[in-house]
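# Structural description and commentary
Chain by chain, the residues run as shown.
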Amino acid sequence: MTDFLLELRSEEIPARMQDKARDDLARLFAAELGKAGLAAGSLVTYATPRRLVLIARDLPAETQAVSEELKGPKASAPPQALEGFLRKTGLTREQLVERDGVLYAVTDKPGRATTAVLAEAIPAIIRGFPWPKSMRWGATSASTESLRWVRPLHGIVALFGEELVEIEIAGIHSGFATFGHRFHHPGQITIGSAADYVEKLRACHVIVDQDERRALIRTRATELAAGAGLALVEDEGLVSENAGLTEWPVPLLGRFDADFLTVPPEVIQLTARVNQKYFVCRDADGALANAFVCTANIEATDGGAQIVEGNRKVLAARLSDARFFYETDLKTPLDSQAAKLANIVFHEKLGTVADKVDRVAKLARWLVEEGIVQSPSPLVGEGRGPLASASGKGEGDSASLTTPPHPSAPSALPPASGRPCSQHGLDSAGRCLPDAPTRGEGMTLADRAERAARLAKADLVTGMVGEFPELQGLIGGYYAAAQGEPREVAEAVRDHYKPVGQGDDVPTAPVTVAVSLADKLDSITQFFAADLRPSGSKDPFALRRSALGVVALILDNRLRFPLGRVADRAVLDFFADRLKVQQREAGVRHDLIDAVFALGGEDDLVRLLARVRALQAFVATEDGANLLAGYKRAANILKKEGHAPGGDGVVQAFGYTPEPAEAALIDALDAAEPAAAAAVAAEDFEGAMAALASLRAPIDAFFEGVIVNDPDPAKRAARLALLDRVRAAVHAVADFSKIEG
């Protein structure tokens, strides 16, 4: 068995494309070899900025000889059929094999050298490579048939063992030579085989293994920060990106002017990360430090001092821009910024962003005034109040007020202190002047919810969000706090987009909950009303994500919110589908959600989920499984007889003496129906299931001892009415016809 090495050397491959390129190379290589009946023992792929590498282990020297058989006409077939078959196969009549009166063309194909298979496969892989973006270059680029690659392809190394696999594509010939590090070893390197490839390149300052480069960056950056008494802000995406930008990574620690720390920490980290690919650090108190770690692609003779200084200057220029945006934005009150939203179209069918803000503000106030969103009770911290979340915390907990808005910002928003800042109330650092009047006193919870909603989108027109769209909401929270808005308002502006996906933090502060819920509900109901609902894989307005956010807000905060008060049937069905998705990871069965939704009128998600969980626990018991079987038997009989639900009612006076099992079922229903109804009304769904469980034995006995389709019409009608009563009793809890199994 022999190893095969393939290196495709080009100009710089974007870091974001490298991992997928490695996967695609392995997939395409395996597929091409599979066509020839070859398979490698294992495939290893590497990527650096300048090369894409594959090593296939344990390939045979040649493919196996195969015998192909093609069935032809019968031996007695007309001459025309035989002639056509001979033309198709290129054989003579004497070369055909006859078995059971049928002619077969048997062709023995000898094995092919693996090098020949590879020489055909590699050009096909290169020409068919699925880069997200590719280019043509050179004199031949005028033709659309010319080679396309992510960046100009300069060289190919293709070695089967120590033998060169000769390949030519677009004037590029395979060979034994590659190049080392662009600066440390710019000359040619001769590769002997796959066995010495990795170490030869390492000797020439190229680490081809991307995982090794990532580990080096991660470890060294952490060590540098620790050596300076700091802690590195971990960022695995940034580790991967720096590894994709360097072949010989050398992390270096630098410092920037501490005056820039007056800018919100998220702005500093985003500037460093997005623009410069730098890591940032925290000090011993957990606050953002004026330090960064950059990753050089060279071992400098001065230890990297000039590299650090150059990077410091570039970062300083970026931070100066960010500080300019921040301080300029602070000079304009959010109310003035919000007025500009009238000039921005939200959607051609739904008006401007200002129109949306007005709807959201009214809805947020309504949610509070209707008691759907309330101030936390004294029991919230114990997880029993109306706003208890999955973590058992609500707005009344100190932890909820100091939760960091971002990994680089351990402190929450700066204290508003109840003192506003107008364009005349800021100092040069953006802080409130001491003579500003008081704001926020006397505001009710509804006032604060409406106020937060009217300011929530104002930062969309700020310079900072124009430069860093990722900061929308968060930077608005800083601006709201700086201009003296109440703390709850500033936090609601900051967090009203949450949750933005599965696993994201779910707000628990009442003002934030009201604004976030109103924002998402407005988007869903308005787009549905405009017939712009999601379909298939298309969801251009992210309504599925918004619905999941609504579900999470309601369930985590245990909001008693009948959605039917703001949503039509189509929207409720949409929420039912999203609830199934949201609860799938929790192990809740989708058919049980359907069973409860099918009853109609159940639009309180907290109550619905409590009923579903009780139902799931019940059907998992022996009583539940047997009752489900009995219900389905009764429902099938009623369906076969065309007996509509509630069609005939219960026969009040029998014209015959009922069978003992028949009388026992009537007695059981007389006891179970009011018990189940009372339990459902009290939202004691376990009790409702227990009441239904009492029907299990009488129903079993009824089917064993009573003939439903009795020849006597009176008996048959009475017994069908009794089965209809059983069905109605079960439906008081859930529509068992929707339950699978």
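Procedures and definitions
Residues numbered from 1 in each chain as written. Predicted model: local features only at pLDDT ≥ 70, side-chain atom pairs only at ≥ 80, totals over all residues. Heavy atoms only, no water. Phe/Tyr/Trp six-rings, centres within 6.5 Å; stacked < 30°, edge-to-face > 60°. Buried < 20%, exposed > 50% of the residue type's maximum accessible area, 1.4 Å probe, protein only. Helix = DSSP H or I, 4+ residues; strand = E, 2+ residues; numbered from the N terminus. Axes fitted to C-alpha atoms, helices over the stretch in contact; angles between N-to-C directions. Parallel < 35°, antiparallel > 145°, perpendicular 65-115°, else oblique. Left-handed = near helix turned anticlockwise from the far one by under 90°. Contact = heavy atoms within 4.5 Å. Nonpolar A, V, L, I, M, F, W, Y, C, P; charged D, E, K, R; others polar. Pairing = 2+ DSSP bridges. Salt bridge = Lys/Arg side-chain N within 4 Å of Asp/Glu carboxyl O. Expected span 1.5 Å × (residues − 1). Polar contact = N/O pair within 3.5 Å; in protein donor to acceptor, adjacent residues only side chain to side chain. pLDDT = per-residue confidence, 0-100. Core = buried A, V, L, I, M, F, W, Y, C linked by side-chain atoms within 4.5 Å.

### What about the packing of aromatic side chains?
Considering all chains together, one arrives at 14 aromatic pairs under this definition. Their ring planes at 40 degrees and their centres at 4.8 Å tell us that Phe-129 and Trp-131 sit as a pair that is tilted. Side by side, Phe-129 and Trp-131 carry an identical accessibility label, which is buried. Centre to centre, the rings of Phe-528 and Phe-574 are 5.0 Å apart; their planes meet at 50 degrees, and the pair counts as tilted. In this pair, Phe-528 sits in helix α16 (residues 510–529) while Phe-574 sits in helix α18 (residues 569–584), placing the two residues 46 residues apart along the sequence. Like Phe-528, the residue Phe-574 is buried in the burial classification.

### So, the packing of α16 against α18
α18 packs onto α16 with a crossing angle of 125 degrees between their chain directions and a minimal axis gap of 10 Å. Here α18 runs oblique to α16, going by the angle between their axes. Of the two elements, α16 crosses α18, and the hand of that crossing is right-handed. Contacts between α16 and α18 involve Leu-521, Ile-524 and Phe-528 from the first element and Ala-570, Val-571, Phe-574 and Phe-575 from the second. For the contact of α16 with α18, the per-class residue count stands at seven nonpolar, no polar and no charged.

### Brief notes about the pairing of strand β7 (residues 153–160)
Here β7 lies mainly inside the structure; seven of its eight residues are buried. Note that strand β1 (residues 2–10) and β7 share seven bridges and pair antiparallel. From the neighbouring strand, Leu-8 faces β7, where its bridge partner is Ile-156. Bridge count for β7 against strand β8 (residues 163–164) is two bridges, and the pairing is antiparallel. Opposite Phe-160, over in β8, you have Glu-163 as the bridge partner.

### Things to note about unusual backbone geometry
Looking along the chain, the bond that leaves Lys-498 and enters Pro-499 is cis, with omega of -10 degrees. In this fold, Pro-499 is placed in the loop between α15 (487–495) and α16. Of note in this structure, Lys-277 is not a glycine but carries a positive phi near 65 degrees. Tracing the backbone shows Lys-277 in the loop between α7 (265–276) and β15 (279–282). For Glu-683, which is not glycine, the phi torsion reads 60 degrees and is therefore positive.

### What to know about helix α24 (residues 696–705)
For α24, the full list of buried residues reads Arg-696, Pro-698, Ile-699, Phe-702 and Phe-703. For α24, the elements touching its buried residues are α21 (622–640), α22 (660–681), α23 (685–693) and α25 (713–731).

### Quick word on the pattern of salt bridges
What the rule picks out here adds up to 51 salt bridges. A salt bridge links Glu-32 to Lys-35, with the shortest nitrogen-to-oxygen separation between them at 3.2 Å. Here Lys-35 and Glu-32 lie together in helix α1 (residues 15–35), a separation of three residues that amounts to about one turn. Judged by its relative accessible area of 66%, Lys-35 falls in the exposed class. Across the pair Asp-591 and Arg-589 runs a salt bridge whose closest N-O atoms are separated by 2.7 Å. Judged by relative accessible area, which is 31%, Arg-589 ranks as partly exposed. Through salt bridges that share partners, Asp-358, Lys-362, Arg-365, Glu-369, Asp-447, Glu-450 and Arg-454 make up one connected network.

### Side note on the sheet that holds strand β16 (residues 288–296)
The antiparallel open sheet is built from four strands, whose spatial order is β13-β15-β16-β14. Only two strands of the sheet have a single partner each, and these edge strands are β13 (231–232) and β14 (250–255). The pairing of β13 with β15 spans two bridges and is classified as antiparallel. Opposite Ala-231, over in β15, you have Arg-282 as the bridge partner. Of the strands in this sheet, β14 and β16 touch helix α8 (residues 305–330), which is tilted by about 125 degrees from β16.

### Observations regarding the side chain of Ser-193
With respect to the helices and strands, the residue Ser-193 is situated in the loop between β12 (188–190) and α4 (194–203). Beyond its immediate chain neighbours, meaning those up to four positions away, Ser-193 contacts Leu-5, Leu-159, Gly-161 and Glu-162.

### Looking at the packing of α22 against α24
Where α22 contacts α24, the axes come no closer than 8 Å and their chain directions differ by 155 degrees. Considering the angle they form, α22 stands roughly antiparallel to α24. α22 and α24 meet at a crossing whose hand is left-handed. Contacts between α22 and α24 involve Ala-661, Glu-662, Ala-664, Leu-665 and Ala-668 on the former and, on the latter, Pro-698, Ile-699, Ala-701 and Phe-702. Its residues placed into classes, the contact of α22 with α24 shows eight nonpolar, no polar and one charged.

### Concerning α21
With 19 residues, α21 should reach 27 Å at 1.5 Å per residue; the first-to-last C-alpha distance of 27 Å fits that figure. Those residues of α21 that fall on the buried side of the exposure criterion are Gly-624, Leu-627, Leu-628, Gly-630, Tyr-631, Ala-634, Ala-635, Ile-637 and Leu-638. Close packing links the buried residues of α21 with α20 (605–619), α23, α24 and α25. Taken from the residues just after α21, Gly-642 is the one with a positive phi, measuring 70 degrees.

### Some details on the environment of Gln-583
Summarising the element assignment, Gln-583 is placed in helix α18. Here Gln-583 falls in the buried class, since its relative accessible area comes to 4%. Each C-alpha atom of the pair Gln-583 and Ile-593 lies 9.5 Å from the other, and the pair is 10 residues apart in sequence. With near-sequence residues (within four places) excluded, Gln-583 lies in contact with Leu-555, Val-588, Ile-593, Leu-609 and Arg-613. At a separation of 2.5 Å, a polar atom in the side chain of Gln-583 contacts the side chain of Gln-582.

### A word on the confidence of the model for the protein
Overall, the prediction assigns the protein a mean pLDDT of 85, with 89% of residues at 70 or greater. Note on residues 377–411: pLDDT is under 50 here. Beyond four places in sequence and across chains, it has 81 contacts. Note that residues 415–438 has pLDDT below 50 and, in this model, 45 contacts with residues that lie over four places away or in other chains.

### With respect to the nonpolar core
Note that soluble globular proteins tend to have their nonpolar side chains buried in a common cluster. The biggest cluster of nonpolar side chains holds 143 residues, and the ones touching the most others in it are Leu-615 and Phe-736. Here this core gets 10 residues from one element, more than from any other, and that element is α16. If we ignore the near neighbours within four places in the chain, the residues touching Phe-736 are Leu-615, Phe-618, Leu-627, Leu-628, Tyr-631, Lys-632, Leu-692, Val-730 and His-731. Membership of the second largest hydrophobic core comes to 35 residues, among which are Leu-52, Ile-122, Ile-126 and Ala-158.

### Describing the environment of Glu-223
Within the secondary structure, Glu-223 is located in helix α5 (residues 210–227). The partly exposed category is assigned to Glu-223, whose relative accessible area is 45%. Each C-alpha atom, one on Glu-223 and one on Pro-251, is 9.8 Å from the other, the two residues being 28 residues apart in sequence.

### What to know about the pairing of β15
Relative to β16, β15 runs antiparallel, the two being bridged by three bridges. Paired with Arg-282 across the two strands is Leu-288, which belongs to β16. The hairpin formed by β15 and β16 contains five residues between the paired strands, and Gly-286 there has a positive phi angle of roughly 90 degrees.

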